[in-house]
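So the chains spell out like this:
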Amino acid sequence: MLKMENVSKTYRHRGQTVTALDNATVEIPRGDFVSVVGPSGSGKSTLLLMLGGMLSPSQGRVFLEEQSIYDLNPNERARLRREKVGFVFQTFNLVPYLSALENVQIPLFLAKMDNDAQGERAVALLERVGLGDRLHHKPCELSVGQQQRVALARMLANDPAVILADEPTGNLDPETSQQIIGFLEKFNEEGKTIVMVTHDPLAAKRAKRTLRLADGAILSERQAEETLHVA
């Protein structure tokens, strides 16, 4: 489903070369649920953006369903993201002047779905995440947990095969965090492949397996255990 082969990403910053990801190779089968952990600056978000077709590597190749993502032109890559990948972010990225219903309709509108069908699907998705009574509330009228549930509903709009979540519980209290992880577990049970970057050890343990990064490198299971022991 998702695969990285010898992928590196470097930047130039103040005349120096910074390595964000260093020769990373990983395979994530269809239906897997992977948590990605590591200290700040270890390359977690870089890895996630590359898997989602948002950030081209300096070297190596990234595959989604056998398609080499960065061999596609920008329009083809955007279409692949729209059809196959759903993103969830710590900051929700909701449009503040639109209602919950309208926010969920955005990807459906971009996909040129019929107006009536847009509304029906958006309502069904919001009901699924427990917000059937908040359809016409704007983000400022919702709690942070409700805003993240709107973001989950929007992410599901085009029925993506892959969900990439970057600190989806980072702004939430413990109880709400567990609710959001519960939704992700349910989506995974339905066959969606999930990669989740998190600093939350309780959230990480809910995944089927964990990748640990340090200094841009993916550690082996033994290296990860040694790192945890030292820490």
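Worth saying up front: this structure is predicted, and the values here are computed from it rather than measured.

1. Section: the confidence of the model for the protein chain
Inference 1: Here the protein chain shows a mean pLDDT of 91. Residues at 70 or above account for 95%.
Inference 2: In the model of the protein chain, helix α8 (residues 221-230) stands out as the element of lowest mean pLDDT, 53, in contrast to strand β8 (residues 193-197), which has the highest, 97.

2. Observations concerning the sheet that holds strand β9 (residues 209-214)
Inference 1: Pairing is mixed across the open sheet formed by 6 strands, whose spatial order is β6-β7-β8-β3-β9-β10. Across the chains shown, the open sheet's two edge strands, defined by having one partner strand only, are β6 (85-89) and β10 (217-218).
Inference 2: Taken together, the 5 bridges between β6 and strand β7 (residues 162-166) define a ladder with parallel strand orientation. Residue pairing in the sheet places V85 in a bridge with V162 of β7.
Inference 3: In the packing of helix α5 (residues 144-156) onto the sheet, the strands contacted are β6 and β7, and the crossing angle to β6 comes to about 170 degrees.
Inference 4: The strands touched by helix α6 (residues 174-189) within the sheet are β3 (33-37), β7 and β8, with β8 carrying the most contacts at an inclination of about 150 degrees.

3. Focus: the side chain of N188
Inference 1: By the element assignment, N188 lies in helix α6.
Inference 2: Overall, the relative accessible area of 8% leaves N188 in the buried class.

4. Quick look at the packing of aromatic side chains
Inference 1: In this structure the tally under the stated criterion is 2 aromatic pairs.
Inference 2: Taking the centre distance of 5.9 Å and the plane angle of 5 degrees together, the rings of F87 and F89 count as stacked.
Inference 3: Taking 6.4 Å as the distance between ring centres and 25 degrees as the angle between the ring planes, the aromatic pair formed by F183 and F187 counts as stacked. In this pair, F183 and F187 are both assigned in helix α6, 4 residues apart and thus about one turn of the helix distant. For the pair formed by F183 and F187, the shared burial category is buried.
Inference 4: One residue, K3, lies across the ring of F63, its end atom 5.2 Å from the ring centre.
Inference 5: Over the face of the ring belonging to Y11 we find K9, whose NZ or CZ atom lies 5.5 Å from the ring centre.

What counts, and where the lines are drawn
Residues numbered from 1 in each chain as written. Predicted model: local features only at pLDDT ≥ 70, side-chain atom pairs only at ≥ 80, totals over all residues. Heavy atoms only, no water. pLDDT = per-residue confidence, 0-100. Helix = DSSP H or I, 4+ residues; strand = E, 2+ residues; numbered from the N terminus. Pairing = 2+ DSSP bridges. Contact = heavy atoms within 4.5 Å. Axes fitted to C-alpha atoms, helices over the stretch in contact; angles between N-to-C directions. Buried < 20%, exposed > 50% of the residue type's maximum accessible area, 1.4 Å probe, protein only. Phe/Tyr/Trp six-rings, centres within 6.5 Å; stacked < 30°, edge-to-face > 60°. Lys NZ or Arg CZ within 6 Å of the ring centre and 35° of its normal.

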